[in-house]
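Okay, here's what each chain looks like letter by letter:
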Amino acid sequence: MKILVTGAKGFIGKNLIAELKNRKYNKIYEYDMDSDPEFLDIYTGDCGFVFHLAGVNRPKDESEFMTGNFGFTDTLLDKLKEHGNRAPVLITSSIQAELDNPYGKSKKAGEELMFSYSDKTGAPVYVYRLPNVFGKWCRPNYNSAVATFCNNIAAGLPIKVNDPSVVMNLVYIDDVVNEFINALEGRANICGKYGAIPTVHTVTLGRIAELIASFKESRTRLGLPKLDDPFERKLYSTYLSYLPADDFAYPLDMHIDERGSFTEFIRTPDRGQVSVNISKPGITKGNHWHHSKNEKFLVVKGRGCISFRKYGTSEVIDYHVSGDELTVVDIPTGYTHSITNEGDEDMVTVMWANEAFDPDKPDTYYEPVR
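Residues numbered from 1 in each chain as written. Predicted model: local features only at pLDDT ≥ 70, side-chain atom pairs only at ≥ 80, totals over all residues. Heavy atoms only, no water.

**Notes on the overall build of the chain**
Next, step 1: Helices and strands together make up the secondary structure of the chain, namely 8 helices and 21 strands.
Next, step 2: Taken over the C-alpha trace, the chain has a radius of gyration of 29 Å; the compact-globule value for 370 residues is 21 Å, which it surpasses by more than 25%.
Next, step 3: Reported as C-alpha extents along the three principal axes, the dimensions of the chain are approximately 90 × 45 × 40 Å.
Next, step 4: Summarising the internal contacts of the chain: among those between residues at least 6 apart in sequence, 74% fall at separations of at least 24.
Next, step 5: Carbon and sulfur atoms make up 51% of the accessible area of the chain, which totals about 19,300 Å².
Next, step 6: Here the chain contributes 42 positive and 51 negative side-chain charges, whose respective centroids are spaced 2 Å apart. (Helix = DSSP H or I, 4+ residues; strand = E, 2+ residues; numbered from the N terminus. Rg over C-alpha atoms; globule rule 2.2 N^0.38 Å. Contact = heavy atoms within 4.5 Å. Areas by Shrake-Rupley, 256 points an atom, 1.4 Å probe, with all protein chains shown as cover. Lys, Arg positive; Asp, Glu negative; His and termini not counted. Charge placed at Lys NZ, Arg CZ, Asp CG, Glu CD.)

**Quick notes on unusual backbone geometry**
Note: most peptide bonds trans; most residues except glycine with negative phi.
Next, step 1: The phi angle at Lys24 is positive, at roughly 70 degrees, despite the residue not being glycine.
Next, step 2: By secondary structure assignment, the location of Lys24 is in the loop between helix 1 (11–22) and strand 2 (28–31).
Next, step 3: The backbone of Trp137 sits at a positive phi, close to 75 degrees, despite the residue not being glycine.
Next, step 4: With respect to the helices and strands, the residue Trp137 is situated in the loop between strand 6 (132–134) and helix 5 (145–154).

**Regarding the side chain of Asn341**
Next, step 1: Mapped onto the elements of the fold, Asn341 is located in strand 19 (residues 335–341).
Next, step 2: The residues touching Asn341, leaving out its near neighbours within four places in the chain, are Ser279, Lys280, Pro281, Gly282, Ile283, Arg303, Gly304, Asp346 and Met347.

**Quick word on the nonpolar core**
Next, step 1: Membership of the largest hydrophobic core comes to 51 residues, with the highest contact counts inside it found for Leu20, Phe51, Phe180, Ile208 and Leu235.
Next, step 2: Those residues in contact with Leu235 that sit more than four places away from it in its chain are Phe134, Val146, Ile208, Leu211, Ile212 and Phe215.
Next, step 3: Within the second largest apolar cluster, 21 residues are counted, among which are Leu40, Cys47, Leu76 and Val89. (Core = buried A, V, L, I, M, F, W, Y, C linked by side-chain atoms within 4.5 Å. Buried < 20%, exposed > 50% of the residue type's maximum accessible area, 1.4 Å probe, protein only.)

**Re the pattern of salt bridges**
Next, step 1: The final tally for this structure, using the stated rule, is 23 salt bridges.
Next, step 2: Lys9 serves as the salt-bridge partner of Asp34, at 2.6 Å between the closest nitrogen and oxygen. Residue Asp34 is found in the loop between strand 2 and helix 2 (37–46), and its partner Lys9 is found in the loop between strand 1 (3–6) and helix 1; the two are separated by 25 residues along the sequence. We note that Asp34, like Lys9, is exposed.
Next, step 3: Notably, a salt bridge pairs Arg23 with Glu19, separated by 2.8 Å at the nearest N-O pair.
Next, step 4: For Arg23, a relative accessible area of 32% gives the class partly exposed.
Next, step 5: Among the charged side chains, a network of salt bridges with common partners joins Glu98, Glu111 and Arg129. (Salt bridge = Lys/Arg side-chain N within 4 Å of Asp/Glu carboxyl O.)

**Brief notes about the packing of helix 5 against helix 7 (residues 205–221)**
Next, step 1: Contact pair helix 5 / helix 7: the axes reach a minimum separation of 10 Å and the direction vectors enclose 30 degrees. Overall, the two elements helix 5 and helix 7 adopt an arrangement that is roughly parallel. Seen along the crossing, helix 5 lies across helix 7 with a hand that is right-handed. Facing Ala145, Val146, Phe149, Cys150, Ile153 and Ala154 of helix 5, the residues of helix 7 in contact are Leu205, Ile208, Ala209, Ile212, Ala213 and Lys216.
Next, step 2: By residue class, the composition of the contact of helix 5 with helix 7 is 11 nonpolar, no polar and 1 charged. (Axes fitted to C-alpha atoms, helices over the stretch in contact; angles between N-to-C directions. Parallel < 35°, antiparallel > 145°, perpendicular 65-115°, else oblique. Left-handed = near helix turned anticlockwise from the far one by under 90°. Nonpolar A, V, L, I, M, F, W, Y, C, P; charged D, E, K, R; others polar.)

**Some words on the layout of surface pockets**
Next, step 1: Its boundaries defined by the atoms lining it, the second largest pocket holds a volume of some 590 Å³.
Next, step 2: As for the second largest pocket, its lining consists of 27 residues, and the residues nearest its centre are Phe262, Asn277, His288, Glu295 and Met351.
Next, step 3: Breaking the lining of the second largest pocket down by element, the ones donating at least two residues are strand 11 (254–257), strand 12 (260–267), strand 13 (273–279), strand 14 (284–289), strand 15 (295–301), strand 19 and strand 20 (347–353).
Next, step 4: In terms of residues, the lining of the second largest pocket owes the most to one element, strand 12, which gives 4 residues.
Next, step 5: Of the residues that constitute the lining of the second largest pocket, the class distribution is 8 nonpolar, 12 polar and 7 charged. (1 Å grid on protein atoms, 1.4 Å probe; cavity = no way out; pocket = protein on both sides within 12 Å on 5 of 7 lines; lining within 4 Å. Points joined across faces, edges and corners; volume = space filled by probe spheres on them.)

**Notes on the sheet that holds strand 12**
Where strands meet in a sheet, backbone hydrogen bonds hold them as pairs that are either parallel or antiparallel.
Next, step 1: Taken together, 6 strands build an open sheet; the order of strands is 11-12-13-20-15-18 and the sheet is antiparallel. For this open sheet the edge positions go to strand 11 and strand 18 (328–331), each flanked by a neighbour on one side alone. Strand-to-strand twist across the sheet, computed as the mean angle between neighbouring axes with direction ignored, equals 20 degrees.
Next, step 2: With 4 bridges joining them, strand 11 and strand 12 adopt antiparallel strand pairing. Bridge assignment links Asp257 to a residue of strand 12, and that residue is Gly260. (Pairing = 2+ DSSP bridges.)

**Structural notes on the packing of helix 5 against helix 8 (residues 230–240)**
Next, step 1: Axis separation between helix 5 and helix 8 bottoms out at 9 Å; the angle between their running directions is 55 degrees. Judged on the interaxial angle alone, helix 8 and helix 5 are oblique. As for the relative orientation of helix 5 and helix 8, their crossing is right-handed in sense. Here Val146, Cys150, Ile153 and Ala154 of helix 5 come into contact with helix 8, specifically with Leu235, Thr238 and Tyr239.
Next, step 2: A breakdown of the residues in the contact of helix 5 with helix 8 according to their chemical character gives 6 nonpolar, 1 polar and no charged.

**Quick notes on the sheet that holds strand 10 (residues 201–204)**
Next, step 1: The 3 strands are arranged 6-7-10 in an open sheet whose pairing can be described as mixed. Of all strands in the sheet, those bounded by a partner on one side alone are strand 6 and strand 10. On average, each strand axis in the sheet is tilted by 45 degrees relative to the strand beside it, whichever way the strands run.
Next, step 2: Looking at chain direction, strand 7 (residues 167–172) and strand 10 are connected through 4 bridges and run antiparallel. Directly across from Asn169, in strand 10, lies its bridge partner Thr202.

See below:
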């Protein structure tokens, strides 16, 4: 199928085209404001589906709303009619089409034009009244509070929240793109006259700002957001896409001594802690046990022995491990345990504990394994 995308260089257009290509839709006509108008004539005569994403939302003059959101739609539909092309057309409108303002009126006019076109030609049309859309590649300091907050907080710039209690309805760009491709493939989610994105997140402006600020702080605290919360997970992915190119990396606090090093990597309130342990040849670490804390050890480089002895007993159990054959070893509660580097190079072990270390309640008791 040959697909025409207007507004191809915009936020939604870029994301849509990238995913269409991922799904092997490779015959895509990309049209934007700087395209030669002659191409619109060629594309409308040859396409089998139209994603009409082009529009105006920040003009220099209010009259441009109607020109961009109604006038260009009229031009597009006229071109399709000239070619007798009854390809389905999907258009992005806005929830502001219900409001009595210049932008809303222009979007409403574009919607009515689409419905009239469908009635006259029989061509299927899909009109999606989108709320606020957020995600990667959205232009900051333009018309998206999420993009502006992500960009400014990531760059250490101030943000302004006029009313933190304002409630926003948001849809994530990946959900939007997935729904649009569903429409392309005949599975549009239609509610009455309009297409709808199935997942909408309702959250206050103040909460959005708080979350994004916490994402920045998490890099120093080694934390992660609540990844079981769909909105936080999507917002975190969005925030990372706005990191300055020279700020992708951040240092960790390595605890180094003659035995090697121990470095915390990730700490979470509900999924435990991940650390990296480096042991010099011949070094033994551990020789302690826990009441409730449990761990998983994974040697990823070198070779060693993880030894156990159940508290109050004398039998020692040895597990020989190597980075050549990755094996996870569980560290049960009530067993004193140690790990020894048996090789002639540094041994690197990834360690997970079910709870982040609390110096006030370490639950760690010295007891030699042997």
